[in-house]
Number of protein chains: 2
Amino acid sequence: MKFEVTILGSSSATPIFNRNPTAQVLNINEKLYLIDCAEGTQQQMLRFDVKAARIDHIFISHLHGDHYLGLVGLLSSMHLNGRKKPLKLFCPEPLKEIIEVQLKYSETTLHYPIEYFFTSADKPAVILDNQDINVETIPLDHRIPTTGFLFKQKRRLRKIIKERVEELEIPTPYFSAIKKGSDYEAPNGTIYKNSYLTTDPEEPKSYAYCSDTLYTGKYFDQIQSTSLLYHEATFMHDMLDRANQTHHTTALQAGEAALKTGAEKLVIGHFSARYKTLNELLEEAKSIFPNTELAIEGKTFVISE
Amino acid sequence: MKFEVTILGSSSATPIFNRNPTAQVLNINEKLYLIDCAEGTQQQMLRFDVKAARIDHIFISHLHGDHYLGLVGLLSSMHLNGRKKPLKLFCPEPLKEIIEVQLKYSETTLHYPIEYFFTSADKPAVILDNQDINVETIPLDHRIPTTGFLFKQKRRLRKIIKERVEELEIPTPYFSAIKKGSDYEAPNGTIYKNSYLTTDPEEPKSYAYCSDTLYTGKYFDQIQSTSLLYHEATFMHDMLDRANQTHHTTALQAGEAALKTGAEKLVIGHFSARYKTLNELLEEAKSIFPNTELAIEGKTFVISE
């Protein structure tokens, strides 16, 4: 099942010439899930050919402008482009007021419903569970209430071994039960064990989005062994004091988070505007966790095929 | 005195691949005045090297998102980049609430004051008058309260004829009075008329910003003989019904507005996303008013040197 993330913005607080503030889009089984929506996200979507009409779920981590200021523009464009189907919005509760005051004064009544699901930074909670994924909030430690999001793929059905079912001429109506683990009894009474007919499905993959946060171990238990960990790395470690003061993480600490939680791979982002080039941030994180990449705008990281 | 306008965004309601929604920056005697501030304006400013720190006045025409959704991001970046000096914001009154609710939930206290000046779409009003310019609101006819802005250069002092004052050995302290129109009495009692010593200053130039509006003649008296008229031209005239319904203007009507008000030059903008190329809009406006140009992003129109 397709499970991949495309970076739409990698900058922290302010945009710089070639970096927009934070937004990412997940493609999970051909459905798009938007995570954060900074100013300019809809322009980035045009640039990277991400169709807004395919997004039915938006997740906002917190109410600092560099994570949500593009949302009202995107909602408005969806409206003007004829959207009718509901949009699910997972966010801190005050975002509803922020959106509604702007719709009120622009005298806009959206032609589609927004279904709000309010997040809490107090404790982890499952906020979405559908046939493809399960999404939990990750309470983080930032200056205002902030949650990351943990996307866990559902375990798939067992995979039928085509040659075996053909050889035994098993009728199609039995396939559903076999995929779920049943054995098969042939017309002559022979029992074929499920393990003869199927192989294990792929292990479910996971994606953890951790931005913005002070480096604390509090959320490490929840994000053990993620397939892909996105972690903010606003500063180099020589600016640790500034990172602590602003409740952010250094590139070195992001590497440590990946190492300590046993992530398969790390992507770092949310870079301070002071870094015109990013290689030193990458090298610092890699010194702790070699399998690290930079959140480069337009780049897609494949979590599963 | 320098008086020029640079286009930062030329699209209407939604951005398209190569056009951002509305924003413009005026440079008047090396001071920058921002007119409207759509989403992505600060990114456009980075692109075209417009320094936010040089902007002390922002004018917002109305509260449709394509004219103001970049403002909170810009205010926030000014704050993060250490601004201390006041910012004057000319806008419809509800914008204050929209800004304040967002600052509240991001727990941001700006390090600089915003001085609000609320506009009214009821009747024209002078909202700014300094040594360089005078700015009036232009009440327009849109779906929500909307004003354009008329920037009128102040009449400059008379220009001293260098050769004459040198020939007469007029001491420097007299120059100020001569520039204001005084005659000069030489030590021997001879009176030299001001007209012998000076030439007329340049005629004051003006810039009218008219977006968004139904094409009505109501504001024509106010914008007579502008040096440069910016007028919205959202649609081609074959979409007149849609223009009327949405309270917008066609390219043909924009040409007529320039013709009827005796503008020296017309710039059209606020193009619907349906027009991938703009030449047909330009040709339509030029069929009525030949001295027309397109609001192309990054282009600077010089009103006076």
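Since we're looking at a predicted model, the values are computed, not measured.

Rules used in this analysis
Residues numbered from 1 in each chain as written. Chains lettered and ligands numbered in written order. Predicted model: local features only at pLDDT ≥ 70, side-chain atom pairs only at ≥ 80, totals over all residues. Heavy atoms only, no water. UniProt positions renumbered as here; feature names shortened; annotations may be inferred. Helix = DSSP H or I, 4+ residues; strand = E, 2+ residues; numbered from the N terminus. Buried < 20%, exposed > 50% of the residue type's maximum accessible area, 1.4 Å probe, protein only. Polar contact = N/O pair within 3.5 Å; in protein donor to acceptor, adjacent residues only side chain to side chain. Contact = heavy atoms within 4.5 Å. Buried area = accessible area lost by both parts, 1.4 Å probe. Pairing = 2+ DSSP bridges. Axes fitted to C-alpha atoms, helices over the stretch in contact; angles between N-to-C directions. Left-handed = near helix turned anticlockwise from the far one by under 90°.

Moving on: the UniProt feature "active site" (unreviewed entry) in chain A. All names here are of chain A. Mapped onto this numbering, the UniProt entry gives "active site" (unreviewed entry) at Asp-66. Looking at the element boundaries, Asp-66 is found in helix H2 (residues 65–68). On the accessibility criterion, Asp-66 (10% relative accessible area) is buried. From its side chain, Asp-66 meets the backbone nitrogen of Ala-13 in a polar contact 3.3 Å long.

As a further point, take the interface of chain B and chain A. The interface of chain B with chain A comprises 35 residues on the first partner and 35 residues on the second. Note on chain B versus chain A: buried area summed over both sides is about 2,800 Å², and carbon and sulfur give 60% of it. Between the two partners, chain B and chain A, sit 14 residue pairs in polar contact (both at pLDDT 80 or more). Only helix H1 (41–47), helix H3 (71–80) and helix H4 (94–105) of chain B provide two or more residues apiece to the side of chain B that touches chain A. The leading source of residues in the side of chain B that touches chain A is H4 of chain B, at 7 residues.

All names here are of chain B. Read across the open sheet, the 7 strands follow the order S6-S5-S4-S3-S2-S1-S18; overall the sheet is mixed. The sheet is open, and its two borders are formed by strand S6 (114–118) and strand S18 (300–304), each paired with just one other strand. Adjacent strand axes in the sheet meet at a mean angle of 20 degrees when their direction is disregarded.

The subject of this paragraph is the packing of helix H9 (residues 251–261) of chain B against helix H10 (residues 279–286) of chain B. Residues and elements named next belong to chain B. Viewed as axis vectors pointing N to C, H9 and H10 meet at an angle of 35 degrees, and their least axial separation amounts to 7 Å. Here H9 runs over H10; the crossing is right-handed. Contacts from Ala-251, Leu-252 and Gly-255 in H9 reach Leu-281, Glu-284 and Ala-285 in H10.

This paragraph deals with helix H3 (residues 71–80) of chain A. With 8 of its 10 residues buried, H3 of chain A lies for the most part within the structure. Within the sequence span of H3 of chain A, burial applies to Leu-71, Val-72, Gly-73, Leu-74, Leu-75, Ser-77, Met-78 and His-79 of chain A.

Before going further, it helps to examine unusual backbone geometry. Of note, the bond from Ser-211 of chain A into Asp-212 of chain A is cis; its omega dihedral lies within 30 degrees of zero at 0 degrees. Tracing the backbone through its elements, the reader meets Asp-212 of chain A in the loop between strand S14 (206–210) and strand S15 (228–232). Its identity as a non-glycine residue notwithstanding, His-270 of chain A has a phi of 65 degrees, on the positive side. Along the chain, His-270 of chain A falls in the loop between strand S16 (265–269) and helix H10 (279–288). Note on His-270 of chain A: relative accessible area 1%, which makes it buried. For Glu-169 of chain B, which is not glycine, the phi torsion reads 50 degrees and is therefore positive. Within the secondary structure layout, Glu-169 of chain B lies in the loop between helix H5 (162–167) and helix H6 (175–179). With a relative accessible area of 67%, Glu-169 of chain B lands in the exposed category.

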